[in-house]
Amino acid sequence: MNEYSQIDRVLQRYHYDSKALVNILQEVQETCKGRYISEATAEYVAERLDVTKSNVYEVVTFFAALREHPVGEVLIQLCNSTVCKVKKNIEVKNALEEALGIQMGETTKDKKFTLQYTTCFGACDVSPAVRVNKVVYGNLDRETTLALIAKLRREHCE
Amino acid sequence: MNRIQQLITANFDRYDGKDIEAYIRLGGFTAIKKAVEQGSDYVIDELKLAGIKGRGGAAYPTWKKWDAGRRRVAEQKFVICNADEGEPGTFKDREILKKDPYKVIEGMMISAYIFGAKKGFVYIREEYWDIQKTFKKAIEKANEAGYLGEGILGTDFDFTLEVFSGAGAYVCGEGSSLIESMEGHAGRPRIKSPRIGEKGYLGYPTLVNNVETLAGVTRILEMGASEYARYGTEKSKGTKVISVSGNVNRPGVYEVPFGVSLREIVYDVAGGVENDRPVKFLQLGGISGPLVPGSALDTKYAYETLDEKGFTVGSGSVVVVDDNNRIIDYLVSVSDFFYHESCGKCTPCREGKRQLTRLLKKFVDGTARLEDVNAIEKVANTMKHASFCGLGQTAPTAILSALKYFMPELWQLVEEGVHENVAEGEWK
Ligand SMILES: Cc1cc2nc3c(=O)[nH]c(=O)nc-3n(C[C@H](O)[C@H](O)[C@H](O)COP(=O)(O)O)c2cc1C
Ligand code: SF4
Ligand code: FES
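Source: prediction; values computed, not measured. (Residues numbered from 1 in each chain as written. Chains lettered and ligands numbered in written order. Predicted model: local features only at pLDDT ≥ 70, side-chain atom pairs only at ≥ 80, totals over all residues. Heavy atoms only, no water.)

A.B. asks: Just to check I follow, could you spell out the sheet that holds strand β9 (residues 291-293) of chain B for this structure?
C.D. replies: Sheets are built from strands paired through backbone hydrogen bonds, the pairs being either parallel or antiparallel. Residue and element names in this part refer to chain B. One open sheet accounts for five strands, arranged β7-β6-β10-β8-β9; its pairing is mixed. Two strands bound the open sheet, and with one partner strand each, they are β7 (252-257) and β9. Each strand of the sheet is rotated relative to its neighbour by a mean of 30 degrees, with strand direction disregarded. In the sheet, strand β8 (residues 279-284) pairs with β9 via three bridges, with the strands oriented antiparallel. Paired with F281 across the bridge in β9 is P293. The sheet contacts of helix α11 (residues 262-269) involve β6 (239-246), β7, β8, β9 and β10 (317-322), and relative to β8 the element is tilted by about 110 degrees. (Pairing = 2+ DSSP bridges. Helix = DSSP H or I, 4+ residues; strand = E, 2+ residues; numbered from the N terminus. Axes fitted to C-alpha atoms, helices over the stretch in contact; angles between N-to-C directions. Contact = heavy atoms within 4.5 Å.)

A.B. asks: What's the story with the site of ligand 2 in this structure? I'm lost.
C.D. replies: Neighbouring ligand 2 are 13 residues, the closest being C343, K345, C346, C349 and C389 of chain B. In the shell around ligand 2, the residues fall into eight nonpolar, four polar and one charged. (Near = heavy atom within 4 Å. Nonpolar A, V, L, I, M, F, W, Y, C, P; charged D, E, K, R; others polar.)

A.B. asks: Looking at this structure, how should I read the site of ligand 1?
C.D. replies: Residue and element names in this part refer to chain B. What surrounds ligand 1 is a group of 19 residues, the closest being G56, K65, N82, N210 and T213. G173 is positioned such that a nitrogen or oxygen atom in its backbone is 3.3 Å from a nitrogen atom of ligand 1. Notes on ligand 1: free accessible area 610 Å², of which the protein chains cover 86%. Contributing elements (two or more residues each) for the shell around ligand 1: β5 (206-210) and α16 (390-394). Tallied by class, the residues present in the shell around ligand 1 amount to four nonpolar, 10 polar and five charged. (Polar contact = N/O pair within 3.5 Å; in protein donor to acceptor, adjacent residues only side chain to side chain. Areas by Shrake-Rupley, 256 points an atom, 1.4 Å probe, with all protein chains shown as cover.)

A.B. asks: Looking at this model, I keep getting lost on the sheet that holds strand β2 (residues 113-118) of chain A. Mind explaining?
C.D. replies: All names here are of chain A. Ordered by their spatial adjacency, four strands build an open sheet running β2-β1-β3-β4, and the pairing between neighbours is mixed. What marks the edges here is a single partner per strand, and that holds for β2 and β4 (135-137). Adjacent strand axes in the sheet meet at a mean angle of 25 degrees, parallel and antiparallel pairs treated alike. Relative to β4, strand β3 (residues 130-132) is paired through three bridges, and the arrangement is antiparallel. Its bridge partner lying in β4, V130 is registered against Y137. Here helix α6 (residues 89-100) sits on the sheet in contact with β1 (74-79), β2 and β3, set at roughly 155 degrees to β1. Its contacts with the sheet put helix α7 (residues 142-157) on β1, β2, β3 and β4, and the angle it makes with β1 is roughly 160 degrees.

A.B. asks: Hey, could you run me through the domain arrangement of chain B in this one?
C.D. replies: You'll often see interface size given as the accessible area lost when the parts meet. Residue and element names in this part refer to chain B. When the domains of chain B are assigned, the result is domain 1 (20-228), domain 2 (239-322) and domain 3 (327-423). Of note, the centres of domain 1 and domain 3, computed from C-alpha atoms alone, are 36 Å apart. Across the boundary between the two partners, domain 1 contributes nine residues, which contact eight residues of domain 3. The largest per-residue losses of area from domain 1 upon contact with domain 3 belong to Y170, R188 and P189, which jointly make up 57% of the total buried on that side. Our count for the domain 1 to domain 3 interface comes out at three residue pairs in polar contact (both at pLDDT 80 or more). Residue composition of the side of domain 1 that touches domain 3, by class: six nonpolar, one polar and two charged. (Domains from an automatic or database assignment. Buried area = accessible area lost by both parts, 1.4 Å probe.)

A.B. asks: For this particular structure, what's the right way to read the interface of chain A and chain B?
C.D. replies: At the interface, 41 residues of chain A touch 53 residues of chain B. Where chain A abuts chain B, roughly 3,700 Å² becomes buried across the two surfaces, and 57% of that area is made up of carbon and sulfur atoms. Linking chain A to chain B there are five salt bridges. Residue R188 of chain B is joined to E58 of chain A by a salt bridge in which the shortest nitrogen-to-oxygen separation is 2.6 Å. Linking chain A with chain B are 15 residue pairs in polar contact (both at pLDDT 80 or more), by the criterion used here. Within the residue set of the side of chain A that touches chain B, elements represented by two or more residues are α2 (21-31), α4 (53-62), α5 (82-86), α6 and β2 of chain A. In terms of residues, the side of chain A that touches chain B owes the most to one element, α4 of chain A, which gives six residues. Looking at the side of chain A that touches chain B residue by residue, the classes come out as 20 nonpolar, 12 polar and nine charged. (Salt bridge = Lys/Arg side-chain N within 4 Å of Asp/Glu carboxyl O.)

A.B. asks: For this particular structure, what's the right way to read the packing of aromatic side chains?
C.D. replies: The description of an aromatic ring pair uses the distance of the two centres, along with the angle that the planes make with each other. Throughout the structure, instances matching the rule amount to 22 aromatic pairs over all chains. Measuring from ring centre to ring centre gives 5.1 Å for F121 of chain B and Y201 of chain B, while their planes differ by 70 degrees; the resulting arrangement is edge-to-face. Of this pair, F121 of chain B sits in strand β2 (residues 119-124) while Y201 of chain B sits in the loop between α8 (175-182) and β5, and the two are 80 residues apart along the sequence. Taking relative accessible area as the criterion, F121 of chain B reaches 5% and is therefore assigned buried. With a relative accessible area of 5%, Y201 of chain B lands in the buried category. Where F281 of chain B meets F406 of chain B, the ring centres are 5.8 Å apart and the plane angle is 65 degrees; that geometry is what we call edge-to-face. Here F281 of chain B is found in strand β8, whereas its partner F406 of chain B is found in the loop between α17 (397-405) and α18 (407-416), with 125 residues between them in sequence. Taken individually, F281 of chain B and F406 of chain B each receive the classification buried, so the pair is uniform in this respect. Grouping aromatic residues by their ring pairs yields a cluster made of Y15, Y23, F29, Y102 and Y147 of chain B. Sitting over the face of the ring of F121 of chain A, R131 of chain A holds its NZ or CZ atom 5.9 Å from the ring centroid. (Phe/Tyr/Trp six-rings, centres within 6.5 Å; stacked < 30°, edge-to-face > 60°. Buried < 20%, exposed > 50% of the residue type's maximum accessible area, 1.4 Å probe, protein only. Lys NZ or Arg CZ within 6 Å of the ring centre and 35° of its normal.)

Rendered as structure tokens:
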């Protein structure tokens, strides 16, 4: 029930206003285990806001910031748009996969790290760049990427 | 001519974005005062004299949009600041929002006053969550100081402001999709007519403006349009805030007067190309913009000179690419982006992006034939002319300009049948 009371708190803050659905779901997602909108959560939100389940599903599947599947504790998103490609994001990709032992799109067995590609998040002045749980790290190369993973391991795995 | 100017960005690094007192000391809120004292005809005349055009990409004269909008009578009206900034290579709004939020807020106040709106929204992309926080604080302070709320500046002007967060969809930068998402739906574009200026948010007239446009309006009223119009060229007055990135030594946000050359932007403003390599091409105006070959670097950065050659100011981004990069890899990455971002509502865009991606990958894996070049051109032109919204219409722009300027390099791939693979992006 704990999770639902957290959801209720978000809904209350938005006065159960269904127009704010996109923002409500973003905040709800942050309170959920695995930081995604599960079917049960989607149904609960739909019911409380008095909108159709399909409306909620559609919004969740449409927006990249809303997830249908759980992610690890540390979500690492590597920009794969034009500028980051030109600035050799491939080196960063290789370093990330090597250091974590997983491929892009995967989560480590211990559910600590998820690797994903993403589109440009407006940090092209520091390309190639990643977002780690929304915080941007830029000007990366092989060395700095490995150092970043080492730092994240210290923060999250010890 | 000075290659860097600071008109719209005059307050950058001169105050902490949350400090409203400091903003006032720098001349803040004198523009809205002028607007209220001199009236809306005065504002429209000033914007006309300054020649400012929408900085979100479409370059429609701001005075025309505002003049038509203020005449519409309705029970309620809304203004929205478009801070969704989703064009790859573009990050100038980010700096304006971060370094001078009050100039944008003041611009929204002016737009609301002219348009007759009592309520406004700043639609900020999710990726700029830290800026959303700063903005909420800035709005709070403006409320406390009486610049937002009821009876602003001792008049009967009421205006409140709220932040809405985007959720990672490029197409939501398009006005009607943005509004769809603000009403609790997936952000797919609405059928035009009525336009959002007539029936927008909740069915009421809605005026949407880009961040830089609003900051520019504030600055123009502050300094006077005739002074602002002294900068730039005859047909492109004033300055433009640009985002420069890619293979340059000093990527960043700069404000330049219209009329500087592309060469000056690359070499003088952004410090030249990394390792002194030659410029192969630029992409102007975001990922939806054309590629400009290195041979065109002496073109002046102004609406008229760029338009003449089929180039564009667009979102004001300048991506610099050196001769170490293959044209095909760049095109694949452009096409991957649109593959990911098309909303799927209309057939030309939904099917076209699929075809383009498939065709381009043949060039990468060395299976492309002569007829594939023709097929690309055909699909690209269909998308350009038959797509429902700006996303599909501009998705093939880069490809079409590559066919124009880089045909020999693409031919070579057909002839050699290169066997190489670029890393494929897996998207959501
Ligand atoms: C697919 C698409 C994405 C867009 N993205 C943005 C954006 O991120 N920011 C923006 O200001 N305008 C964007 N626009 C342009 C807006 O539709 C609109 O023209 C603009 O916000 C109007 O403001 P302006 O007149 O001040 O430029 C986009 C348009 C399309 C078709
Ligand atoms: S052009 Fe593309 S993004 Fe626009 S409505 Fe059609 S499918 Fe959607
Ligand atoms: S292209 Fe990677 S952050 Fe913009």
